[in-house]
Amino acid sequence: MKYRSTRGQVAGQSFESVVLEGLAGDGGLYIPEQLPALPADWQTAWARLSFAELATELISLFVGDDLTRGEVAALAARSYSTFDTSEVTPLVPLGARRDTFVLELFHGPTFAFKDVALQFLGNLFEFFLERRNARGGGGGEAHKVTVVGATSGDTGSAAIYGLRGKKNVSVFILHPKGRVSPIQEAQMTTVLDDNVHNVAIEGTFDDCQDIVKQLFGRAAFKRAHSLGAINSINWARILAQITYYFHAYFGLVRRGVAAPRPVFVVPSGNFGDALAGHYARALGLPVAQLAIATNANDILDRFLRTGRYEKNSEQGVRATPSPAMDILVSSNFERFLWYLARDHEAPADAAATPGERERLAGETVARWMEQLRTSGSFAVSPAALAAARQALWSGRCGDDQTRAAIAKYHAAQPPYLLDPHTAVGVHVAETLAPEIAALGDGVQTICLSTAHPAKFADEVIQAIADAGAQIDFAAILPPPFVGLLDKPRRCFECHNSPDAVARHIEQVAAASGK
Ligand SMILES: *Cc1c(COP(=O)(O)O)cnc(C)c1O
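The rules behind these values
Residues numbered from 1 in each chain as written. Predicted model: local features only at pLDDT ≥ 70, side-chain atom pairs only at ≥ 80, totals over all residues. Heavy atoms only, no water. Helix = DSSP H or I, 4+ residues; strand = E, 2+ residues; numbered from the N terminus. Rg over C-alpha atoms; globule rule 2.2 N^0.38 Å. Contact = heavy atoms within 4.5 Å. Areas by Shrake-Rupley, 256 points an atom, 1.4 Å probe, with all protein chains shown as cover. Lys, Arg positive; Asp, Glu negative; His and termini not counted. Charge placed at Lys NZ, Arg CZ, Asp CG, Glu CD. Pairing = 2+ DSSP bridges. Axes fitted to C-alpha atoms, helices over the stretch in contact; angles between N-to-C directions. Left-handed = near helix turned anticlockwise from the far one by under 90°. Buried < 20%, exposed > 50% of the residue type's maximum accessible area, 1.4 Å probe, protein only. Polar contact = N/O pair within 3.5 Å; in protein donor to acceptor, adjacent residues only side chain to side chain. Phe/Tyr/Trp six-rings, centres within 6.5 Å; stacked < 30°, edge-to-face > 60°. Salt bridge = Lys/Arg side-chain N within 4 Å of Asp/Glu carboxyl O.

## Here we look at the overall build of the chain
Inference 1: The number of helices and strands found in the chain is 21 helices and 15 strands.
Inference 2: For the chain, the C-alpha radius of gyration of 22 Å lies close to 24 Å, the compact-globule estimate for 514 residues.
Inference 3: When the backbone C-alpha atoms are referred to their principal axes, the chain occupies close to 65 × 65 × 50 Å.
Inference 4: Across the chain, the fraction of contacts at a sequence separation of at least 24, relative to all contacts at a separation of at least 6, is 75%.
Inference 5: As displayed, the chain has an accessible area near 20700 Å², and 50% of this comes from carbon and sulfur atoms.
Inference 6: Across the chain, the centroid of the 48 positively charged side chains sits 2 Å from that of the 54 negatively charged ones.

## Comments concerning the sheet that holds strand S6 (residues 169-176)
Inference 1: As summarised here, the arrangement of the five strands in space is S8-S5-S6-S7-S15, forming an open sheet in which the pairing is parallel. Two strands lie at the open edges of the sheet, namely strand S8 (227-228) and strand S15 (492-494), each paired on one side alone.
Inference 2: When S6 meets strand S7 (residues 196-201), the two strands line up parallel, connected through six bridges. Looking at S7, one finds that Ile173 is bridged to Asn198.
Inference 3: Helix-sheet contacts for helix H6 (residues 154-163) involve strand S5 (145-150), S6 and S7, and the interaxial angle to S6 is about 165°.

## A short note on the packing of helix H10 (residues 235-254) against helix H11 (residues 272-283)
Inference 1: Remark: H10 packs on H11, axes separated minimally by 8 Å, with the N-to-C direction vectors making an angle of 65°. The handedness of the crossing between H10 and H11 comes out as right-handed. Between H10 and H11, the residues in contact are Trp235, Ile238, Gln241, Ile242, Tyr244, Tyr245 and Phe246 and Gly272, Asp273, Ala274, Leu275, Ala276, Gly277, Tyr279, Ala280 and Leu283, respectively.

## A closer look at H6
Inference 1: The element H6 is extensively covered by neighbouring structure, given that nine of its ten residues are classed as buried.
Inference 2: Among the residues making up H6, those that are buried are Asp154, Gly156, Ser157, Ala158, Ala159, Ile160, Tyr161, Gly162 and Leu163.
Inference 3: Of the surrounding elements, those touching the buried residues of H6 are helix H5 (114-135), S5, S6, helix H7 (182-189) and S7.

## A short note on the environment of Thr89
Inference 1: One can find Thr89 in the loop between helix H4 (69-80) and strand S3 (91-93).
Inference 2: Taking the C-alpha atoms as reference points, Thr89 and Ala248, 159 residues apart in sequence, are found 7.9 Å from one another.
Inference 3: A polar contact of 3.4 Å, which involves the side chain of Thr89, links it to the side chain of His247.

## Some thoughts on the packing of aromatic side chains
Inference 1: Evaluation of the coordinates by the stated rule reveals 27 aromatic pairs.
Inference 2: A ring pair is formed by Phe15 and Phe128, whose centres lie 6.3 Å apart and whose planes are at 70°; its orientation type is edge-to-face. Of this pair, Phe15 sits in helix H1 (residues 15-21) while Phe128 sits in helix H5, placing them 113 residues apart in sequence.
Inference 3: Both rings, one in Trp235 and one in Tyr279, keep their centres 5.1 Å apart while their planes meet at 80°; by these two values the pair is edge-to-face. One end of the pair, Trp235, is in helix H10; the other, Tyr279, is in helix H11, with 44 residues separating them in the sequence.
Inference 4: Judged by its relative accessible area of 1%, Tyr279 is buried.

## Digging into the pattern of salt bridges
Inference 1: Under the counting rule described, the total for this entry stands at 24 salt bridges.
Inference 2: A salt bridge links Arg4 to Glu358, with the shortest nitrogen-to-oxygen separation between them at 3.0 Å. In this pair, Arg4 is assigned in strand S1 (residues 3-5) and Glu358 in helix H14 (residues 354-375), connecting sequence segments 354 residues apart. The burial state of Arg4 is the same as that of Glu358; both residues are buried.
Inference 3: The partner of Asp298 in a salt bridge is Arg302, with the nearest N and O atoms 2.8 Å apart.
Inference 4: According to the relative accessible area criterion, Asp298 is buried, its value standing at 7%.
Inference 5: Among the charged side chains, a network of salt bridges with common partners joins Glu16, Glu71, Arg131 and Arg132.

Listed below in structure tokens is the structure:
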């Protein structure tokens, strides 16, 4: 199994190098050169597997010779043992209907879906680094990675919990001081492991992101500290997320559905979650449809309506009740676009060979991304738009609609407490009900739930209060959140400057005897 870049200049990369590198050298994202085939009997052979066993089957298809099956199994078992339910991602009925479910992806250590990927990625990083060190060849120096990232909340805490205590890895997470929710701030800064370093920047999330970008742009600094990234463009995160689509399918089978044909509705920001669903379907999972739900930051919904992918540059990112989906562009969409370009942007010579089509796809994606950078938008051909609309449905959910959905399901029988991100998906699922019904009998709707409601307590309590109801929040608080705000913290407060952050990283490295 080899990997190529979506922008066509890099190919033939191994799984290990793709995981450790993150972004390809040409600025593109890594995708598998070929999709593997599932075993012919997967529907029966995999039906009774646990989540970790299912993950082992799926991940093993993508790692080439870089990991043995036993190694994948050990990594998966360890990664998913930190979840608070043996099902890892349970399927729960929503409302009184028998064909509508919530797929709860928030049972990991930070109560957001990013744990599914980052628990695994943290263990994978540690494994690859340890193996490199055991093999030697580092010129006497140990292979180490310094992960540096910026967060507006969810990614940072999931990354910290994925990497805490890992050997040969240190992690610096920048957050805008005073601008992440109290729970998120406490989740990050109460992790006291030696290798975890929180940095509160006197600025905005964009300032934090800028600083990270600048540090990665300093070649000497990047080399000296072996900077690594685990942001949502890392292929291993997408790969790990494919598992829960299959797990949900078997969950329906276990509930007595003979031949499930689920519609998955996915609250989307950077399109990593939804992209895993796209790969699950491409591998052969019977998916009736994949629908993406955006909040007011609706670049994906607008693209699927118009064929034009356009940054809302004047307006900028809008702050919504679902902040983990507040984005200007969706970084993982580039991977979807590559397939669109290969299959539907007609090459000049219709008889082009597969290799030729792949080369042209890389060129097309590189051109689109250049147009996006210079003019803020690009448009795909009518044929490509038609294909995209066939592959993905979409809908948008405004702030008031998000709050109304939270209040509605809190009042429903039986009640269900939605977090604001999940509420965006549930609202869009409701608006798509006629289209879903038109797919015929035997279709189930599965709304992906990306965060525990306690993580966004203020929004949830307010939405319910606005509707004239009340909620005893203490009753649903997960045990790790109890007393969290009062625990000891460690955090470095830093000026809004790349030099100041670089100095801090150097001082920490020197003090730890690097
Ligand atoms: C990150 C995140 C999302 C968006 O997922 P993408 O993969 O970026 O589309 C949605 N909800 C929550 C709670 C998240 O943390």
